[in-house]
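Results of the structural survey
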Amino acid sequence: KFAAKYRLKFVVILLGLCLVESVYVAGISLLPSLAVVLIQAKDLKLAMVILTILLAGVVVYAIRIFDLFLQQRLTLLTFDFRFDYVPVFSEHIFGWQQSLIDSVKGKAVIDQAYEAIYNGQNIGIGAIIAQTVTLIRTGCQIIVLLGMMGILSIWPAAIVLGLNLLQYAFQRIGNQWYFNHKGEQNRITSYQSYFVRTLMKRSTGKDIRLFAMFDLFHQHFIALIQKLVTWQRHYSNLSLIINLGQRLVNVIGLALSLLILIALRNVSIASLLFAISAIQTLNLNFGNFRDAYVTVGKNLVFVDNFRKFMVFPYRQDSDAKERKVSGSGQIEVQHLSYQVNGTELVHDINFFVEPGEKVAIVGENGAGKSTLVKLLCGLYTPSSGSVSIDGQDIATWAPATMRQRVAVEFQDDVILHFTIAENVACTTPQQIDTARVKAVLAEVELGDFVAGLPNGIQTFIGNELNENGIQLSGGQKDKMLFARVLYRQADINILDEPTSALDPISEKQFYALVDAKLSQKTTIIVTHRLGALATENVKILVMKDGTAIASGSHRWLLANCDYYRKLWSAQRSLYVGGDRHEAS
């Protein structure tokens, strides 16, 4: 793929690099011999000898400088090519099912694919390219040096070649151990990355510090580090033994080669110096060749990890550019169930929502409300049963269709450190309808606040990407998230705990706004605050232990559902002064 992208440019640079480096290693190996020949020449003055050696050295090192320039050009190509995979990575992540992203297996696959493309030229795809180039370069140099030594005597060249092949056999032992145990290291580093992400996340930083969780984090982290250190110790000890064996073989090869040359008796001092220099350079290049080969082999593991990531099914936005689709907003849920690792989170849920109807989903924590929402908006695929909108099973829809039809505000939705306009419109600046952004901000009572900012809707939120970014209160964040829903103008709107950070007055105003702006839209609201939706025009779906146990109006449920009446009474007692006040 790399060669296909750059074609002639890559081939020309690589051939030039091989030629330049071959000339360089020949020159650097002959330089000591040249010096001896010039010094021994009786008809040359000392100044001429010094000048000639100096000029030869300058030429050799000038070639080396040009060699470094060509290497730098290839490095830039490799850097550019590695980032061709970034949009591929992002596209697949964007199309993954949320359930895969939430799973342990999915997180591990993502982490390892990320490692394959984001860790520079020493790990992953970048290393494959860089070290393959090194293999070609050093291979050319080895051929040149072996040829030059063969002219002098074939035996030293054969000995050096043979002993380096023996060193490679030693290296194979280390490679095999690495391949057999790399999966273990992958698991450890994947778990370790969780701690790094958690410590760096703003959303978790407050709790970690206020509850002094350092000891807890430290204990878990140290346990993982110890496993990683144990793994590395085994590999380092094996590598040390292999390296010592290779060094011993190098010494033996140099000694045998010199003994053979001396035994020939007709070898000059200049030839002997050339042989010593060439053998040392040859051994260095053989070492570089083996290291490059080993690095390529190791990084094929990372590329295999990337391939595993690529074969995970993802949903492409095949209809992303099609016309706006719409419908009445009718929802039908039939025998809906969802399980993870054999545990059912929701099971056998059945209900029907009329077009334009307002439905509240209530229940205790862990009842399955948020899981149901993720199933309704297509983030999770049901284990059994179906969710249909306007008579069509949403499992057959592409993500773009779902985004056009359904707008969702989750209780843990994120405000990105982008501009206000980008956070509301959720699209590129070129595609933002600024008039609509300002209109929906005014509707959620953020219009004056945003208008008073120096850059208006172009103001950044947070300081990750702009040092002048602003911070939002919890209530402002909830209002902006609802503005995002209004901007979408979807047929179906799902609000998961939309007033969790609002005071009672703001909450009342918020639901009045929902009535006004979404009166003709199908609206589903997940909430713990029963009083806000205890009106006759709201159908309430009661969930318990992962299923829907009743549905109806507030008045009907009070009369016919003991569990709902219990929830209502418990919450009502808090607002009228607690249990003792209620009893009195």
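All values reported here derive from a predicted model rather than from experimental measurement.

**Quick look at the environment of methionine 543**
On the secondary structure map, methionine 543 appears in strand E9 (residues 538–544). Considered as a pair, methionine 543 and tyrosine 563 are 20 residues apart in the sequence and their alpha carbons are 9.5 Å apart. Excluding anything up to four places from it in sequence, methionine 543 contacts Val346, Ile349, Ile361, Val362, Gly363, Glu364, Ala367, Gly368, Lys369, Leu372, Ala548 and Tyr563.

**Remarks on the pattern of salt bridges**
This structure, assessed with the given rule, holds 11 salt bridges. Of the charged contacts, one joins aspartate 67 and arginine 64 as a salt bridge, the two residues approaching to 2.5 Å between their closest N and O atoms. Here arginine 64 and aspartate 67 lie together in helix H3 (residues 46–82), a separation of three residues that amounts to about one turn. Residue aspartate 491 pairs with arginine 405 through a salt bridge whose shortest N-O separation is 2.5 Å. A residue pair is termed long-range when its members are at least 10 positions apart, and aspartate 491 in the loop between helix H17 (474–488) and strand E7 (492–496) and arginine 405 in helix H13 (residues 399–405) qualify at 86 residues. Linked through salt bridges whose partners overlap, the residues forming this network are Asp390, Arg405 and Asp491.

**Thoughts on the sheet that holds strand E2 (residues 343–353)**
Across the sheet, four strands lie side by side as E2-E1-E4-E5; this open sheet has antiparallel pairing. The open sheet terminates on both sides in strands that have one partner only, identified here as E2 and strand E5 (392–393). With five bridges connecting them, strand E1 (residues 331–340) and strand E4 (residues 384–389) associate as antiparallel partners. Bridge pairing links glutamate 332 to serine 388 in E4. Strands in contact with helix H12 (residues 369–376) are E1, E2 and E4; relative to E2, the strand with the most contacts, it is inclined by about 65 degrees.

About the criteria used
Residues numbered from 1 in each chain as written. Predicted model: local features only at pLDDT ≥ 70, side-chain atom pairs only at ≥ 80, totals over all residues. Heavy atoms only, no water. Helix = DSSP H or I, 4+ residues; strand = E, 2+ residues; numbered from the N terminus. Contact = heavy atoms within 4.5 Å. Salt bridge = Lys/Arg side-chain N within 4 Å of Asp/Glu carboxyl O. Pairing = 2+ DSSP bridges. Axes fitted to C-alpha atoms, helices over the stretch in contact; angles between N-to-C directions.

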